[in-house]
Amino acid sequence: MVSLINCIPTAITPNGDGKNDFFILDILEICSEFYSDKELTIYNRWGGQVIHAKPYTNNWDGGDLPEGVYYYILEMYLLGGFIKTGNVTIIK
């Protein structure tokens, strides 16, 4: 069985073709009702915060940010909660 938390995309391609346009976290789609708080913060390579969403609703498309690697912190809470960190690349 594949863990949903390991199914976080490593890249988005926000070009309007309907494929990988948004940073979609499957765990939020499938297990949304189990987590009361879903918080996503994304940083650029210099540590500057570029987005903070609470609750996060799978709607980040990179905005006007340039191509590159960005780092995220995903926090979800349910009886103790968990934190997942990683990176996502914007390819335009």
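This write-up is about the structure you can find in this document. Everything numeric in this text was worked out from a predicted model, so none of it was measured.

**Some remarks on the overall build of the protein chain**
A tally of helices and strands in the protein chain yields one helix and five strands. Start at the N end of the protein chain and walk to the C end: the helices and strands fall as β-α-β-β-β-β. Looking at the protein chain as a whole, 33% of its 92 residues are labelled buried. A sequence separation of at least 24 residues applies to 55% of the contacts in the protein chain between residues at least 6 apart.

**Notes on the pairing of strand β4 (residues 68-77)**
As judged from the seven bridges shared by strand β2 (residues 37-43) and β4, these two strands associate in the antiparallel manner. Of the residues in β4, the one forming a bridge with Thr 41 is Ile 73.

**Comments concerning the sheet that holds strand β1 (residues 11-12)**
The mixed open sheet is built from five strands, whose spatial order is β1-β5-β4-β2-β3. Among the strands making up the open sheet, the edge pair consists of β1 and β3 (49-53). Here β2 runs beside β3; their pairing, made up of four bridges, is antiparallel. When the bridges of β3 are listed, Tyr 43 appears paired with Gln 49.

**As for the environment of Ile 51**
You can see Ile 51 is positioned in strand β3. Using a relative accessible area of 17% as the deciding quantity, one classes Ile 51 as buried. Sequence-wise, Ile 51 and Tyr 72 are 21 residues apart; in three dimensions their C-alpha atoms are separated by 9.3 Å. Ignoring any residue separated from it by four or fewer positions in sequence, one finds Ile 51 in contact with Leu 40, Thr 41, Ile 42 and Trp 60.

**Regarding unusual backbone geometry**
The omega torsion of the bond from Lys 54 to Pro 55 falls at 5°, within 30 degrees of zero and hence cis. As for its position among the elements, Pro 55 is in the loop between β3 and β4. Unlike most non-glycine residues, Asn 58 shows phi in positive territory, near 60°. Within the fold, Asn 58 resides in the loop between β3 and β4. When its relative accessible area of 7% is taken as the criterion, Asn 58 is described as buried.

**With respect to the packing of aromatic side chains**
Scanning all chains against the criterion turns up two aromatic pairs. Aromatic side chains Phe 23 and Trp 60 sit 6.1 Å apart centroid to centroid with 85° between the ring planes, which places their arrangement in the edge-to-face category. In this pair, Phe 23 sits in the loop between β1 and α1 (26-30) while Trp 60 sits in the loop between β3 and β4, placing the two residues 37 residues apart along the sequence. In this pair, the class of Phe 23 matches that of Trp 60, namely buried. Their ring planes at 55° and their centres at 5.5 Å tell us that Phe 23 and Tyr 72 sit as a pair that is tilted. Here Phe 23, found in the loop between β1 and α1, pairs with Tyr 72, found in strand β4; they are 49 residues apart in sequence, far enough to count as distant.

Definitions and limits used
- Residues numbered from 1 in each chain as written.
- Predicted model: local features only at pLDDT ≥ 70, side-chain atom pairs only at ≥ 80, totals over all residues.
- Heavy atoms only, no water.
- Helix = DSSP H or I, 4+ residues; strand = E, 2+ residues; numbered from the N terminus.
- Buried < 20%, exposed > 50% of the residue type's maximum accessible area, 1.4 Å probe, protein only.
- Contact = heavy atoms within 4.5 Å.
- Pairing = 2+ DSSP bridges.
- Phe/Tyr/Trp six-rings, centres within 6.5 Å; stacked < 30°, edge-to-face > 60°.

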